[in-house]
Amino acid sequence: MDEQLTEAENVPESFSTPVGREPRVKTALQRNFSARRYIAFSVFLDISIPEAVSLEEFFLQHFQDLAYKIKKTLKEQISSNGIDPEVKQISCKGETLQVELLYHQDNNLLSLKQNFKEISTKIKENIKEIGPWGEPIDVRVRNSKQMDRKVEEIRLIERSYCKREQGMTDMHKEIINCQKEAIVKDLEVTKILKKLMTKRIFDEKDKKAIEKKTNDRLRSSKLLDILLDKVPDRFSDFVDILCDGTQKFLAIGLLKEESKEYQKEKDALWSFLNEMAEARKEIYERKYELELELKGAHEKIAPVH
């Protein structure tokens, strides 16, 4: 993998090993992950305000108040003490306030996405405190599609960190829940339960909980619910059991979905790593430019002997 990641060329030695510090050996993967903190995702908010007064004139007079209210509202929704969100720019166009926000931490961007309805309501309330606005005030994300893609990428990357030893992974849970209706419809629950018992994946307590149910569909549903909670992840064992008999068609459906989801995770990780590699390359190139500028400045002021 190291050879495939982009590296900045001609990086001065003084940047790669600071004076007085022992050099650290890192893989390209580790180096590019460390560049994550230099990247921020831009969210563009459009706040449409029907004119009760001239918005542009009011904006010029109360710019600081508007910026404070918007940033305060957004920061109240996250637990981080960092700079998120950074209000990069606020401008006024017609009846719309245009706000560019920078989110440096993934969890804060996720919080914005998950709580946007509540956040937008709070923004409206706080803005109303400043000026005599008309109704209704509308808040929307102009680049919502890009934000949705970014949020999904973050979700897939976090999902890929799940360890099988800690229980069924989020990916496998999603696959089973997505196909639960089809599985419940056709699962030969008595035969599958017997095989799960034989392999000691299920115990007597599980068996009793399943057999309490009044029909096969409910018993199958309960079996899947118990399977989801098993530690370690028993997805592969379940698929193997389905393959060993007349239920192979159910196993094929699960394996196809697993392949698709693995590819999604892989694509998300490569997108993430490429972004990090580009960020790191830009950082080192800029550092190199600054060193050349500094060297040139020193040469100009150096005494002539």
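The structure under discussion appears in the preceding block.
The following paragraphs examine the structure supplied in this document. (Residues numbered from 1 in each chain as written. Predicted model: local features only at pLDDT ≥ 70, side-chain atom pairs only at ≥ 80, totals over all residues. Heavy atoms only, no water.)

Once that is clear, we can look at the overall build of the protein chain. Scanning the protein chain from N- to C-terminus turns up 14 helices and four strands. With 305 residues in all, the protein chain has 38% of them scored as buried. Long-range pairs, those at least 24 residues apart, make up 74% of the contacts in the protein chain with a sequence separation of at least 6. For the protein chain, the computed accessible surface area is about 18700 Å², with 50% contributed by carbon and sulfur atoms. (Helix = DSSP H or I, 4+ residues; strand = E, 2+ residues; numbered from the N terminus. Buried < 20%, exposed > 50% of the residue type's maximum accessible area, 1.4 Å probe, protein only. Contact = heavy atoms within 4.5 Å. Areas by Shrake-Rupley, 256 points an atom, 1.4 Å probe, with all protein chains shown as cover.)

As a further point, take the sheet that holds strand 4 (residues 138-141). A sheet is described by the order of its strands in space; here four strands give the open sequence 2-3-1-4, paired in antiparallel fashion. Whereas interior strands pair on both sides, the edge strands pair on one side only; in this sheet they are strand 2 (86-93) and strand 4. Neighbour to neighbour, the strand axes of the sheet diverge by 20 degrees on average, direction disregarded. Bridge count for strand 1 (residues 41-48) against strand 4 is four bridges, and the pairing is antiparallel. Paired with Ile47 across the bridge in strand 4 is Val139. Contacting strand 1 and strand 4, helix 7 (residues 144-160) crosses the sheet at an angle of about 140 degrees to strand 1. (Pairing = 2+ DSSP bridges. Axes fitted to C-alpha atoms, helices over the stretch in contact; angles between N-to-C directions.)

Looking at the element boundaries, Lys185 is found in helix 9 (residues 180-186). Using a relative accessible area of 61% as the deciding quantity, one classes Lys185 as exposed. Residues Lys185 and Leu218, 33 residues apart in the sequence, show an inter-C-alpha distance of 9.8 Å.

This part is about the pattern of salt bridges. Working definition: two side chains of opposite charge can pair if their charged atoms are close together. This model, assessed by the stated rule, comprises 17 salt bridges. In this structure, Lys113 engages Asp148 in a salt bridge whose closest nitrogen and oxygen atoms are separated by 2.5 Å. Of this pair, Lys113 sits in helix 5 (residues 106-114) while Asp148 sits in helix 7, and the two are 35 residues apart along the sequence. A salt bridge links Arg155 to Glu152; its shortest N-O distance comes to 2.9 Å. Note that Arg155 and Glu152 are positioned in helix 7 at a spacing of three residues, about one turn of the helix. On the basis of relative accessibility, which here comes to 30%, the residue Arg155 falls in the partly exposed class. (Salt bridge = Lys/Arg side-chain N within 4 Å of Asp/Glu carboxyl O.)

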